[in-house]
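# Topology and contacts: notes
Next come the chains, spelled out residue by residue.
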Amino acid sequence: MARILVFTATGQVGSALCDELVSQGHQVAGITRNEAAAGRMIQRGITPIVGDIRNLDQLGPKLGGFDSVFLASSDARDQDKAEMALIECLRAGGLPHMVKLSAQSAGLSPPVSFGIQHRAVEDALKHSGLSYTILRPTFFQQSLLLMSGDVAKSKAITAPMGKGRTAMVDVRDIAAVAARCLIDEGHAGKTYTLTGPAAHGFADVTEKLTHLLGAKVSYSSPPAPLARLVMPILTGMPRWKTSLLVDLMVAIRNGAQEKVTNDVMDVTGDAPRTLDAFLKEHLPSFQP
Ligand SMILES: NC(=O)c1ccc[n+]([C@@H]2O[C@H](COP(=O)([O-])OP(=O)(O)OC[C@H]3O[C@@H](n4cnc5c(N)ncnc54)[C@H](OP(=O)(O)O)[C@@H]3O)[C@@H](O)[C@H]2O)c1
């Protein structure tokens, strides 16, 4: 039984990862800033550690004594600095194996969008002296849920991705890979690019939704400058974040994320979940 520390334990990947590790009988501690979430974690067999990764004076002393650590954080302007400070803090508190949640865009030459900060953290981790594994997932299938409100209300998806395709991956498959890399030997020094089983464009997504919902769902791709102007208003997200999203979608439009890998299957022994299965499972979210 391994002792494992999970950052973003209430997040999309981290939450699925905690459940996976607990089901395999491991001792799992998860970080949250939220006392109520901490209570729910106890009920799921996870030991909560309440703290803020941007307050390491308070959180740092609680982070020692683990065999391996899932290093992740949500997108932020200072994500690279926050994660680098965590690496330094964890290194000082012992020598756990680190599994870093990065992004496929970190592997592009040069890296783009969110991948720029992720690449900086990957490099810091490689030079830290710690044992590490890097996970570079593509676009999460779950990110389609950000558009489910528009589909339910207006039967439309708007994104500057043109005819670009990306091999969207389910966060549960990322979690399954992370679990193996945190527990098993043989993943140190490896970088895995995690994709679904096939690359799809948003025209494919709307075609599949049209079929499943029995009503026409349209897709329009505005030029990037227009998307930069309207996305903060349409999504309510801060401009720095929508700007990075547009950068990512433009890269996808230009073919940056079409590659399909076998890494999920190679690490877990299971085929990654398909987009069709994801859309069927989440269909109520796309309905009015
Ligand atoms: N979305 C995509 O399509 C995609 C694709 C590839 C890579 N990625 C990468 O995946 C990562 C995000 O993963 P995710 O979506 O699983 O995460 P997430 O759902 O955004 O989870 C973030 C969690 O982090 C915790 N958190 C945020 N700020 C914190 C702080 N200051 N201190 C402690 N905890 C904090 C929050 O927990 P509490 O509120 O409980 O404190 C929150 O639940 C990002 O690095 C992103 O670049 C995303």
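Residues numbered from 1 in each chain as written. Predicted model: local features only at pLDDT ≥ 70, side-chain atom pairs only at ≥ 80, totals over all residues.

Here the focus is the packing of helix H9 (residues 224-235) against helix H10 (residues 239-253). Where H9 contacts H10, the axes come no closer than 9 Å and their chain directions differ by 135°. Relative to H10, the element H9 lies oblique. When you trace H9 past H10, the crossing you get is right-handed. Where H9 approaches H10, its residues Ala224, Ala227, Arg228, Met231, Pro232 and Thr235 are matched on the opposing element by Arg239, Thr242, Ser243, Leu245, Val246 and Val250. Of the residues in the contact of H9 with H10, the class split is seven nonpolar, three polar and two charged. (Axes fitted to C-alpha atoms, helices over the stretch in contact; angles between N-to-C directions. Helix = DSSP H or I, 4+ residues; strand = E, 2+ residues; numbered from the N terminus. Parallel < 35°, antiparallel > 145°, perpendicular 65-115°, else oblique. Left-handed = near helix turned anticlockwise from the far one by under 90°. Contact = placed C-beta atoms within 7 Å. Nonpolar A, V, L, I, M, F, W, Y, C, P; charged D, E, K, R; others polar.)

In the region of the ligand, 25 residues are neighbours, and Gly11, Gln12, Thr32, Arg33 and Ser74 sit closest. Of all the elements in the fold, those that place two or more residues in the shell around the ligand are helix H1 (12-23) and strand E2 (27-32). Considering each element in turn, the shell around the ligand owes the most residues, three residues, to H1. Classifying every residue of the shell around the ligand gives eleven nonpolar, ten polar and four charged. (Near = placed C-beta within 6 Å.)

Let us now look at the environment of Ala215. Among the structural elements, Ala215 can be located in the loop between helix H8 (202-213) and strand E9 (218-220). Given 12 C-beta atoms within a 10 Å radius, Ala215 is considered exposed. Sequence separation between Ala215 and Gly115 is 100 residues; the distance between their C-alpha atoms is 36 Å. Ala215 has contacts with Lys155 and Thr210, leaving out every residue within four places of it along the chain. (Buried ≥ 20, exposed ≤ 12 C-beta atoms within 10 Å, placed from the backbone.)

With that settled, the discussion passes to H10. The terminal C-alpha atoms of H10, which comprises 15 residues, lie 21 Å apart, in line with the 21 Å expected from a rise of 1.5 Å per residue. Among the residues making up H10, those that are buried are Thr242, Leu244, Leu245, Val246, Leu248, Met249, Val250, Ala251, Ile252 and Arg253. Those residues of H10 that are buried are in contact with helix H5 (114-126) and H9. One or two steps after H10, the chain reaches Gly255, where phi turns positive at roughly 95°. (Expected span 1.5 Å × (residues − 1).)

Along the chain, Pro272 turns up in the loop between helix H11 (263-268) and helix H12 (275-281). Given 27 C-beta atoms within a 10 Å radius, Pro272 is considered buried. For the pair Pro272 and Leu212, spaced 60 residues apart in sequence, the C-alpha to C-alpha distance is 21 Å. In contact with Pro272, other than residues within four places in its own chain, are Val169, Asp170, Asp173, Gly196, Pro197, Val264 and Met265.

If you trace the seven strands from one edge of the open sheet to the other, you get E3-E2-E1-E4-E5-E6-E8, paired in parallel fashion. At either margin of the open sheet sits one strand with a lone partner, and together these are strand E3 (47-50) and strand E8 (191-194). Adjacent strand axes in the sheet meet at a mean angle of 20°, parallel and antiparallel pairs treated alike. Here strand E6 (residues 132-137) pairs with E8 via four bridges, running parallel. Residue Pro137 lies in a different strand from E8, and its bridge partner there is Leu194. This element, helix H2 (residues 35-43), spans E2 and E3 of the sheet and lies at about 165° to E3. (Pairing = 2+ DSSP bridges.)

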